Amino acid sequence: MVGIDKAFPGVVANLGVDFAARWGEVHALLGENGAGKTTLMSILAGLYRPDAGEISIDGESVAFHAPRDAIRHGVGMVYQHYRLVASQTVAENLLLGLPGVPFRLNAGKFIRQATELGQRYHLRIDPSRPVWQLSVGEQQRVEILKTLQRGAKILILDEPTAVLTPQESEDLMRTLRQIAAEGRTVIFISHKLEEVRSVADRVTVLRGGSVVANGLAIGALSTRDMARLMVGDDMPSTRLNEQRVASTQPRLVLDDVSALNARGLTALKRIHLEVGVGEILGIAGVAGNGQHELAQVVAGLRFPTHGQVRLDGRDVTGVGARSMTRRGVAHIPEDRMGEGLVGNLPLADNAVLKSYDRPPIAWGPFLILQRVLQFAQLLLERFNIRGARPDSATRLLSGGQLQRFLLAREMALNPRVIVAVHPTRGLDVAATQQVQEWLVRARDTSASVLLISEDLDEVMQLSDRIAVLYEGEIVGTMPAAGANREQLGLMMAGAHHAAVGVA
Amino acid sequence: MAVSVRLERRGNLPLAQRILVLTLAVVLGAVAGGVLVQATGYSALTAAGAILEGSFGGSYPISQTLAAAIPLATIALGTAVAFRVQLWNIGGEGQFYMGAFGATGVELIGGPAGWPAVVLLPAMLLAGFIAGAAWALLPAWLRAWHGVNEIITTLMLNYVAVLWVNYLVYGPWKDPAGRNFPFSPRFPDNATFARIGDGQLHVGLIVPVLAAAILVFVLARTRWGYELRVVGENADAARYAGINVRSTMLTAMLVSGGMAGVAGMVQLSGIIHLLNGQLSANYGYTAIIIAWLARLHPVAVLIVGVLFGALVNGGYAVSQEGIPQALGAVLQGTILFFVLGIGDFFTRYRLRIISAPLASAASSSTS
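As the structure is a computational prediction, the values presented were derived from the model and not from experiment.

1. Focus on the overall build of chain A
Consideration 1: When helices and strands are counted, chain A shows 17 helices and 22 strands.
Consideration 2: For chain A, whose C-alpha radius of gyration is 25 Å, the value lies close to the compact-globule estimate of 23 Å for 503 residues.
Consideration 3: In chain A, which comprises 503 residues, the proportion classed as buried is 46%.
Consideration 4: Here the contacts in chain A between residues at least 6 apart in sequence split such that 69% fall between residues at least 24 apart.

2. Some remarks on the interface of chain A and chain B
Consideration 1: Across the contact, 26 residues belong to chain A and 18 residues belong to chain B.
Consideration 2: Mapped onto the side of chain A that touches chain B, the elements with two or more residues apiece are α10 (321–326), α11 (336–340) and β18 (366–367) of chain A.
Consideration 3: The class makeup of the residues in the side of chain A that touches chain B is 14 nonpolar, 6 polar and 6 charged.

3. With respect to the sheet that holds strand β22 (residues 473–479) of chain A
Residue and element names in this part refer to chain A.
Consideration 1: A sheet is described by the order of its strands in space; here 6 strands give the open sequence β16-β19-β20-β13-β21-β22, paired in mixed fashion. Across the chains shown, the open sheet's two edge strands, defined by having one partner strand only, are β16 (329–332) and β22. Between one strand axis and the next, the sheet turns through 15 degrees on average, direction left out of account.
Consideration 2: As paired elements, β16 and strand β19 (residues 417–421) share 4 bridges and run parallel to each other. When the bridges of β19 are listed, A330 appears paired with I418.
Consideration 3: This element, helix α15 (residues 429–444), spans β13 (280–284), β19 and β20 (448–452) of the sheet and lies at about 150 degrees to β20.
Consideration 4: Helix-sheet contacts for helix α17 (residues 485–492) involve β13, β21 (465–470) and β22, and the interaxial angle to β21 is about 30 degrees.

4. Side note on the sheet that holds strand β14 (residues 306–311) of chain A
Residues and elements named next belong to chain A.
Consideration 1: Here 4 strands make up an open sheet; going across it, the order is β12-β11-β14-β15 and the pairing antiparallel. Bordering the open sheet on either side are β12 (266–276) and β15 (314–315), each of which pairs with just one other strand.
Consideration 2: Pairing between β14 and β15: 2 bridges, direction antiparallel. What sits directly across from R310, in β15, is D315.

5. Regarding the nonpolar core
Consideration 1: Ranked by internal contacts, the top residues of the largest apolar core, which has 246 residues, are F188(A), V419(A), L450(A), L451(A), V468(A), A76(B) and V301(B).
Consideration 2: Ranked by residue count, the leading element in this core is helix α3 (residues 59–84) of chain B, at 14 residues.

6. Section: the environment of L30(A)
Residue and element names in this part refer to chain A.
Consideration 1: Relative to the helices and strands, L30 is located in strand β3 (residues 26–30).
Consideration 2: On the basis of neighbour counts, which here come to 26 C-beta atoms within 10 Å, the residue L30 falls in the buried class.
Consideration 3: Sequence separation of L30 and K192 is 162 residues, and the distance between their C-alpha atoms is 8.0 Å.
Consideration 4: Setting aside anything within four residues of it in sequence, one finds L30 in contact with S190, H191, V196, V203, V205, M226 and M230.

7. Here's the deal with helix α4 (residues 92–110) of chain B
Along an α-helix, a turn takes 3.6 residues, which lines up residues three or four apart on a common side.
Consideration 1: Under the 1.5 Å per step criterion, the end-to-end length of α4(B) is 27 Å for 19 residues, consistent within 8% with the ideal 27 Å.
Consideration 2: Here α4(B) lies mainly inside the structure; 16 of its 19 residues are buried.

8. Some details on the pairing of strand β11 (residues 250–260) of chain A
Residue and element names in this part refer to chain A.
Consideration 1: Relative to β12, β11 runs antiparallel, the two sharing 7 bridges. If you follow V257 over to β12, its bridge partner there is I271.
Consideration 2: Counting the residues that bridge the hairpin from β11 to β12 gives 5 residues, and of these G264 lies at a positive phi of roughly 85 degrees.
Consideration 3: Note that β11 and β14 share 5 bridges and pair antiparallel. Paired with S258 across the two strands is H306, which belongs to β14.

9. A few points about helix α1 (residues 15–39) of chain B
All names here are of chain B.
Consideration 1: Taking 1.5 Å of rise per residue, 25 residues should cover 36 Å, and α1 covers 36 Å from first to last C-alpha, within 8% of that figure.
Consideration 2: When α1 is considered as a whole, its buried residues turn out to be L22, A25, G29, A30, G33 and V37.
Consideration 3: Contacts from the buried residues of α1 go to α2 (44–56) and α13 (325–348).
Consideration 4: Looking one or two places after α1, you find G41, whose phi comes out positive at around 95 degrees.

10. Side note on the environment of A211(B)
Residues and elements named next belong to chain B.
Consideration 1: Tracing the backbone shows A211 in helix α7 (residues 206–221).
Consideration 2: Since 20 C-beta atoms lie within 10 Å of it, A211 is described here as buried.
Consideration 3: In this structure, the C-alpha to C-alpha distance between A211 and A291, residues 80 residues apart in sequence, is 14 Å.

11. Looking at the pairing of strand β8 (residues 185–190) of chain A
Residues and elements named next belong to chain A.
Consideration 1: Counting buried residues in β8 gives 6 out of 6 residues, a clear majority hidden from the surface.
Consideration 2: As paired elements, β3 and β8 share 5 bridges and run parallel to each other. The residue of β8 that forms the bridge with A28 is F188.
Consideration 3: Pairing geometry for strand β7 (residues 154–158) and β8, over 5 bridges, is parallel. Across the sheet, the residue bridging to L157 is F188, located in β8.

12. A short note on the packing of α3(B) against α7(B)
All names here are of chain B.
Consideration 1: Where α3 contacts α7, the axes come no closer than 9 Å and their chain directions differ by 20 degrees. Judged by the inter-axis angle, α3 sits roughly parallel to α7. α7 is crossed by α3, and the crossing has left-handed handedness. Here I70, A73, T74 and L77 of α3 come into contact with α7, specifically with V207, P208, A211, A212 and L215.
Consideration 2: In the contact of α3 with α7, the residues fall into 8 nonpolar, 1 polar and no charged.

13. Topic: the packing of α2(B) against helix α12 (residues 298–320) of chain B
Residue and element names in this part refer to chain B.
Consideration 1: Their axes nearest at 7 Å, the elements α2 and α12 cross at an angle of 125 degrees. Between α2 and α12, the angle falls in the class oblique. For the element pair α2 and α12, the recorded crossing hand is right-handed. Counting all contacts with α2, which are made through A47, A50, I51, E53, G54, S55 and F56, the residues of α12 involved are A310, N313, G314, Y316, A317 and V318.

Parameters at a glance
- Residues numbered from 1 in each chain as written.
- Chains lettered and ligands numbered in written order.
- Predicted model: local features only at pLDDT ≥ 70, side-chain atom pairs only at ≥ 80, totals over all residues.
- Helix = DSSP H or I, 4+ residues; strand = E, 2+ residues; numbered from the N terminus.
- Rg over C-alpha atoms; globule rule 2.2 N^0.38 Å.
- Buried ≥ 20, exposed ≤ 12 C-beta atoms within 10 Å, placed from the backbone.
- Contact = placed C-beta atoms within 7 Å.
- Nonpolar A, V, L, I, M, F, W, Y, C, P; charged D, E, K, R; others polar.
- Pairing = 2+ DSSP bridges.
- Axes fitted to C-alpha atoms, helices over the stretch in contact; angles between N-to-C directions.
- Core = buried A, V, L, I, M, F, W, Y, C linked by C-beta atoms within 7 Å.
- Expected span 1.5 Å × (residues − 1).
- Parallel < 35°, antiparallel > 145°, perpendicular 65-115°, else oblique.
- Left-handed = near helix turned anticlockwise from the far one by under 90°.

Here it is as structure tokens:
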């Protein structure tokens, strides 16, 4: 792939990317979230078309209009979200869309074929089982088999180990080595340094949509080098707030807290966190390492299975979201339209989402409509949200306006604790700046802020202290002033388990 | 150039336009039905005249139309409450029967004992509400706590309720003086509503009107009404706000069933004056259509309810003109089909014809 450009409305995902993989190798594509890895590989797999650039296989230039063109040229991709029919069996899923399947199915033959293929690559799977009964790891095996059966010579996997148990990951690595040993190419998207190290022959690193390391041999690189390539080694950008010495007085304490995720698996493993009065604690980490569950536990939306949550010394474990709100915990959720706001209701209704149940908005079981409207108007004015009125439909606001409005509502609670999850994601520069300033100002008036963000720069700029979350554990806590990107990058990628500095 | 037709969701259409579209749909439906009537050798114009005459042509038809609208509108008000939180209560029919059962139970005690009407009627109304709500309790609990599909459970319970009432009127509650007909004893005067005018209209008319007024107030100006709105639009946001989604669902369902139960009581005290096994001409199912067409708004439910009452009476009138009653039903059917299938569809969606350059059409097909 030479000179690949790809832009989506508002974002440049790839810019002048060159990428080359050889037959018979496992090639890792490394980078942070949003570095453009998936986009680049989706272009190779024919899902997207590049704005510029050229793709060639064995020296022959190719242009894919659809994934099936790519399959025809032997390129197959296993996406993060599997595309299987849950109610059908493994064998039926393998048949789906396979060329040359006769109208009268000879199912036995295909089942035999699938079993043989599975044995060859250590992909143990019973072809007669329906997909909905399979674990995520087994479904992944079906996806890989499906891709191989379609004759893929170049197999692309998008963060395949993100959903696997350690044992399953190990099995997968063995399978990938086997596939490469037969002369095929395996391209492996990841941000976990250790597994890249253990399985890949060469590595290409993307940062901000461009290549920073092109096909380097793994043997020549240390884990530290890879981390530096991935997150960059530029000096931390100017801090937005003046560094504070961590207050000795903790306000929010998570003591030995464990919690499950929505699928019932352990997402937080006995973590210990303290956020002081007037402190911003930044949580760094690659998405999906327990951030979502951490925010929910603090907001009272998810109950810990172990441990205690304390607010100003009082046990508030399992008191629920409403009680947490009343105790002064504000929550800026990651999905502002899906969770923080109700798009089909007017702004006025959204303004009182956290305060409709008590005076002055409520009077006994009744709502005082006039106060609802006044309150909405107040939020719009005080936070300078132009062009919107209390009766405007919420879904018609822009992303920046929505986030300002949501923040305005949460700030109006005079919060003692603010849980902010990806508070600036998708916002333009002006809105980003404003949101960040508000968070700092809230901190200055002695609120405690738990800032969860996948943007490492943001975490480093805003936080007083930084904790790194990796696979549900706090792998280190450090003052933001002394933190460097390389060290954080290593910890985020799971290469560094020892706690650094004082908690 | 490639031309594609795409379906788009509309924003809220202005009220005037919505009424225009629906009126047009009624006219188109009537024309289509008229063609069918004409094709079978009867005069479509006579039929149309009969429907109008029979539903709105004078004080007797109007009173009949309003009388028919009472149970429809009352159940539909409740249905609309459940629908607002996305609970598809199909059990209005069964809850209506159970409400009638509850009211009769109280009547059997207080009627012969000579309780004054001002005591007995409210007691029966309350019993109707409680019995209807109780019938919605099981599906509501199964849905909110165990995720069991409420469409199936409410529908199934309809049959149970009808059979239960049938058991009572064939067995323990059969009128000993009723020459073995499957009826309960006739209600004494202290258990019935006074009639208004020369038709079947009765003072129970105030029940749906009052209920609609209360609902309008409750939905807009109480915490519970607010919670219904939030849960109905976005259950995740409701949870985020600390709203107890389960109990909101449960209470919405109880009110929904309770309203259908009230309708059962009103129908007994207002028109039938006894309990039997054929209380309802599918009122509970028709109410679903009414609630939907009214966009779940209480005042609109009243208006649409009256229109449906008119359709029912128009059907009777057609048969009096010597035209088979089945053709009256055909007319009702075509009008409904056009209103629901076309009028309602076009107030919610619009067709956009898009002509796009070939390139982008091709690329959109790959994604």
